[in-house]
Amino acid sequence: MSDLCIRQLLAAETALDNLTVRGWVRTVRSGKGTVFIALNDGSCLSSLQVVADPEKPECAAIAGLGTGACLQVRGQLVASPAAGQRWELVADQVELIGGADGSYPLQKKQHGFEYLRSIAHLRPRSNTFGAVFRVRSALAFAVHQFFHQRGFLNVHTPIITASDCEGAGELFRVTTLDPASPPLIDGAVDFSRDFFGAQTGLTVSGQLEGELFATAFSKIYTFGPTFRAENSNTSRHAAEFWMIEPEMAFCDLLGDCQLAGEFLHYLVRYALEHCAEDLEFFDQRIEKGLLARLQALSDASFSTMTYTEAVSRLERSGRSFDYPVAWGRDLQSEHERYLTEEVIGGPLFVTDYPKEIKAFYMRLNADGRTVAAMDLLVPRVGEIIGGSQREERLDQLTARMLAAGIAPQSLDWYLDTRRFGSCPHAGFGLGFERLLMYVTGMENIRDVIPFPRTPGHAKF
């Protein structure tokens, strides 16, 4: 037998002969005539203990072995006499694939997250970030599995776009024009001479394109990178992040909320079932009580209240919030947490927000003041999913665009779906990194994405 990963070996039912294992050294210690090596290949949090005889010629490579070195070990998997581990590998041969000296940055000691961000190319080898990125991989798979099981079509929406879905003007510009001497017309840059013949940027959302496909395939979802040129250095903002955005034809706000609740339940339960070892690590080292919190959410039902009722509850709370509460103002994290943690005691959908604080594409309600929008709020975090029923009526959508200062002709292709075979439809967006922060207990978005992009930082 050969080429089994360490996760498989640690779960073995019987001893095994003639194994080949490869990985990186976490620790090395010496006993009486024996060297003990903790070897990890990234397949799980736990390392495999390798027991080697330094006097054996086939194990000569362990002389001067340091943390971070890459090894190939051949040997026998046997029951371990040591407490806390079932198996160990008795080495017949140790081959040094790649050495690491004392300058290796991840020596056996505590490292702060800020320091580890500065060595993002090596931090996946640490326990914390190994666990983070295994959970990230598992939940990415779970996202696709959830939608595949429900008959959704996966759509790859464009990275480069000429539209700003949110209308916030926070696009990263994409151009091949010479910044030192761009072509001008009437004193302004002439983007008609740019590569795409128009001003373009990196997408902030795949929603608009997703809506186009929903009116052909009924149920679709996108899962890809999005970008915001927002000069923010908070722990919750990054310039590059991943979004999951389903769109459903023949769906109203109630159906939108139902799917969003099912989706969050599915992902949390998947993590509890398939990432148990890593979540136990986070529960012990990152956030005490994490497992209990996730289990509570996986079992919870979802409450619903309108924005108007939420504002009324906040105003009657007697609390002094940092941000004043008033109808027409957006809810802040402190308001959302109060509602979920102290009013409801669990997850909450807040619906029907004032039209002035929501995007142009959200369906106008019969009262003329609010739109069919929803935010899913969870304890500790606040908003984790945002969505709406989309405005399917051409006249109403055009009016909303004009009110928002968006020229309808700039999105003529979007309006065509309302001109030809329009139908009620709805969708929502879930920021993947925000989900990962919630599931792992990590408090900074920079620590749940492999190579974070933030103001002033684009290394690696």
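Please read all numbers here as calculations on a predicted model, not as lab measurements.

Novice: Which residues make up unusual backbone geometry, and what values go with them?
Specialist: Despite not being glycine, asparagine 18 has its phi angle at roughly 55°, a positive value. Within the secondary structure layout, asparagine 18 lies in strand S1 (residues 16-30).

Novice: Can you lay out the pattern of salt bridges for me, pointing to particular residues and giving the numbers?
Specialist: Overall, the coordinates contain 17 salt bridges when judged by the stated rule. Across the pair arginine 313 and glutamate 309 runs a salt bridge whose closest N-O atoms are separated by 3.5 Å. Of the two residues, arginine 313 and glutamate 309 both sit in helix H8 (residues 307-315), four residues apart, roughly one turn of that helix. Given a relative accessible area of 28%, arginine 313 falls into the partly exposed group.

Novice: Tell me about the sheet that holds strand S3 (residues 48-52), residues and numbers included.
Specialist: One closed barrel accounts for five strands, arranged S1-S2-S3-S5-S4; its pairing is mixed. Each neighbouring strand pair of the sheet contributes to a mean axis angle of 55°, computed without reference to strand direction. Here seven bridges tie S1 to strand S4 (residues 70-79), and the two strands are oriented antiparallel to one another. From the neighbouring strand, leucine 19 faces S4, where its bridge partner is glycine 75.

Novice: Explain the packing of helix H10 (residues 394-403) against helix H11 (residues 412-419) to me, using residue names and the numbers behind them.
Specialist: For any two helices packed against each other, one specifies the crossing angle of their axes together with the interaxial distance. H11 packs onto H10 with a crossing angle of 155° between their chain directions and a minimal axis gap of 9 Å. One element, H10, and the other, H11, form an angle in the roughly antiparallel class. Across from Leu394, Leu397, Thr398 and Met401 in H10, the residues of H11 making contact are Tyr414, Leu415, Arg418 and Arg419. Its residues assigned to classes, the contact of H10 with H11 shows five nonpolar, one polar and two charged.

Novice: Which residues make up the sheet that holds strand S8 (residues 173-174), and what are the values?
Specialist: Ordered by their spatial adjacency, three strands build an open sheet running S7-S11-S8, and the pairing between neighbours is antiparallel. Only two strands of the sheet have a single partner each, and these edge strands are strand S7 (160-161) and S8. One ladder, built from two bridges, connects S7 with strand S11 (residues 200-202); its direction is antiparallel. Bridge pairing links threonine 161 to glycine 201 in S11.

Novice: Outline the pairing of strand S2 (residues 35-40), listing residues and values.
Specialist: Where burial is concerned, most of S2 is hidden: six out of the six residues are buried. Of the two faces of S2, the one carrying Val35, Ile37 and Leu39 and the one carrying Phe36, Ala38 and Asn40 are both buried. Alignment of S1 against S2, held across six bridges, turns out to be antiparallel. Opposite arginine 29, over in S2, you have phenylalanine 36 as the bridge partner. Here S2 runs beside S3; their pairing, made up of five bridges, is antiparallel. Its bridge partner lying in S3, alanine 38 is registered against glutamine 49.

Conventions we followed
- Residues numbered from 1 in each chain as written.
- Predicted model: local features only at pLDDT ≥ 70, side-chain atom pairs only at ≥ 80, totals over all residues.
- Heavy atoms only, no water.
- Helix = DSSP H or I, 4+ residues; strand = E, 2+ residues; numbered from the N terminus.
- Salt bridge = Lys/Arg side-chain N within 4 Å of Asp/Glu carboxyl O.
- Buried < 20%, exposed > 50% of the residue type's maximum accessible area, 1.4 Å probe, protein only.
- Pairing = 2+ DSSP bridges.
- Axes fitted to C-alpha atoms, helices over the stretch in contact; angles between N-to-C directions.
- Parallel < 35°, antiparallel > 145°, perpendicular 65-115°, else oblique.
- Contact = heavy atoms within 4.5 Å.
- Nonpolar A, V, L, I, M, F, W, Y, C, P; charged D, E, K, R; others polar.

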